[in-house]
Amino acid sequence: MKALVLDEIGSAFRLTDVDIAAPVAQEVLVEVKASGLCHSDLTASSLGGWPVPAILGHEISGVVAGVGPNVTRFAAGDHVVASLQSHCNDCEACLRDDINMCTNPGFVARAEGEEPRLSLDGEPVTAVANLGGFAEQVLLHENNLVRIDRPIPHEVASILGCGVLAGAGAVLNAAEVPEGATVAVFGCGGLGLAAIQAALLVGASRIIAVDIADDKLEYAKRFGATDVVNSAAQDPAAAIKELTDGGADYVFDFVGRPEATKQAYESVGRAGELGVIGINKPGATLQIDIGPEFIWNQVRIRPIFNGSTNFVRDVPRFVELYNEGRFKLDELVSRTISLEEVNDAYAEMTKHIGRTVVTFP
Ligand SMILES: [Zn+2]
Ligand SMILES: [Zn+2]
């Protein structure tokens, strides 16, 4: 099968033929129909942390082509979405439904010494995060998949595997924003737009989008932003305090820069909450005034990992919301490309609003 292989850390992807094994045990062979380009794959391709050659790509939608003998939840022909949330379904965290905290995520991989799932000229190829979605087929553990019972377009389904759940999950699962609350969202990329839609869904009374790009702010209005603030042109904390009469009840920081995290913190109203989702660089610090007002204001700071999501529970939930016309996904996919075009698409990624998705005939 054709796949985009990363031969060296930091190199471009190379389109070539890779051998894929037959499914054993709890494995599922999936014919990939769509594979989203996430910025984190670009970062991963320059940082590494796993053996090369490797295949990246983790936002996968496809159709089951074959199953191992111990697979219980999938059959050939099922439409499926894959997820990075590798988990064992057996540890204490998994049993209390908190699969983000699984203590044995390596459970989904083949054991050392077994024939590799992927190989190139007889040498093993790493499927990064046990997924490897930039390929015509993927061979995964069934715990990395969820079935879509009422199929939706694959390019739309693919983006449910990562950014949408993390962005919307921050609002719905982690902060549990109540109806009528005021919300501000820093950073209007894919995750931020999903958070804005989730805030609309719960009935937030005011949804303030903050970004440094006017076109992204304009786009955010289509997803439910009631107000926009360009933080390059004005002090966002002052603007938000003005709009909300003292600060927003819930502020979400998707940016991943200390200045933005500080501005977001300063935008929270009394007894409100700052959710930090954007990942800052190692060693980054947040300097805040912890004088008397710190106690008086009682602002909570909550780091949110992966939107506190559980993809097995949440993907079907968003498919349903999409089918009911209550959650926009089509508008989050700005263009579709072929595997051959992935290198070029990554090179110009920051210029585009919305997701680029690789589609397969
Ligand atoms: Zn991603
Ligand atoms: Zn587990």
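Calculation criteria
Residues numbered from 1 in each chain as written. Chains lettered and ligands numbered in written order. Predicted model: local features only at pLDDT ≥ 70, side-chain atom pairs only at ≥ 80, totals over all residues. Heavy atoms only, no water. UniProt positions renumbered as here; feature names shortened; annotations may be inferred. 1 Å grid on protein atoms, 1.4 Å probe; cavity = no way out; pocket = protein on both sides within 12 Å on 5 of 7 lines; lining within 4 Å. Points joined across faces, edges and corners; volume = space filled by probe spheres on them. Helix = DSSP H or I, 4+ residues; strand = E, 2+ residues; numbered from the N terminus. Nonpolar A, V, L, I, M, F, W, Y, C, P; charged D, E, K, R; others polar. Core = buried A, V, L, I, M, F, W, Y, C linked by side-chain atoms within 4.5 Å. Buried < 20%, exposed > 50% of the residue type's maximum accessible area, 1.4 Å probe, protein only. Domains from an automatic or database assignment. Contact = heavy atoms within 4.5 Å. Donors = N, O, S within 2.8 Å, 3.2 Å for Na, K, Ca; no water. Tetrahedral: all angles 85-135°; square planar, octahedral: opposite > 155°, others 65-115°.

Under an unreviewed UniProt entry, the name given to the protein is S-(Hydroxymethyl)glutathione dehydrogenase / alcohol dehydrogenase, and the source organism is Crystallibacter crystallopoietes. One UniProt comment on the protein, placed under Cofactor (unreviewed entry), says "Zn(2+)". Reading the Sequence similarities (unreviewed entry) entry of the UniProt record for the protein gives the comment "Belongs to the zinc-containing alcohol dehydrogenase family."

Visitor: Explain the layout of surface pockets to me, please; I cannot follow it from the model alone.
Guide: Empty space among the atoms can be located by rolling a probe the size of a water molecule over them. Roughly 490 Å³ of volume is contained in the second largest pocket. Lining the second largest pocket are 24 residues, with Ala-109, Val-125, Thr-126, Ala-127 and Asn-130 positioned closest to its centre. Mapped onto the lining of the second largest pocket, the elements with two or more residues apiece are β10 (126-127) and β11 (137-141). Considering only residue class, the lining of the second largest pocket consists of 14 nonpolar, five polar and five charged.

Visitor: In this structure, what is going on with the nonpolar core? I would like to understand it.
Guide: Among soluble globular proteins, nonpolar side chains are generally buried collectively. Residues Ile-196, Phe-252, Val-315 and Leu-329 are the most contacted members of the largest nonpolar core, which totals 58 residues. Looking at this core element by element, the count peaks at seven residues for helix α4 (residues 163-174). Among the domains, domain 1 (2-161 + 328-359) and domain 2 (167-305) are the pair contributing at least three residues each to this core. With near-sequence residues (within four places) excluded, Ile-196 lies in contact with Val-185, Cys-188, Ile-207, Ala-209, Ala-220, Phe-223, Gly-224 and Ala-225.

Visitor: Would you take a moment to explain the coordination of the zinc ion (ligand 1) for this structure?
Guide: For a metal bound by four donors in tetrahedral geometry, the ideal donor-metal-donor angle is 109.5 degrees, whereas six donors in octahedral geometry ideally sit at 90 or 180 degrees. Of the protein atoms, only Cys-38 (SG), His-58 (NE2) and Cys-162 (SG) coordinate the zinc ion (ligand 1), at distances of 2.0 to 2.2 Å. Coordination of the zinc ion (ligand 1) draws on donor residues from a single chain, spaced C-x19-H-x103-C in sequence. Here His-58, found in the loop between β5 (54-55) and β6 (59-67), pairs with Cys-162, found in the loop between α3 (154-158) and α4; they are 104 residues apart in sequence, far enough to count as distant. Cys-162 shares its class with His-58; the two are buried.

Visitor: Got a minute to help me understand the coordination of the zinc ion (ligand 2) in this structure?
Guide: Coordination sphere of the zinc ion (ligand 2), protein contribution only: Cys-88 (SG), Cys-91 (SG), Cys-94 (SG) and Cys-102 (SG), at 2.3 to 2.4 Å. For the zinc ion (ligand 2), the four donor atoms in the first shell make angles of 104 to 116° at the metal, a pattern classed as tetrahedral. Of note, the donors binding the zinc ion (ligand 2) are all from one chain and are spaced C-x2-C-x2-C-x7-C. Taken individually, Cys-88 and Cys-94 each receive the classification buried, so the pair is uniform in this respect.

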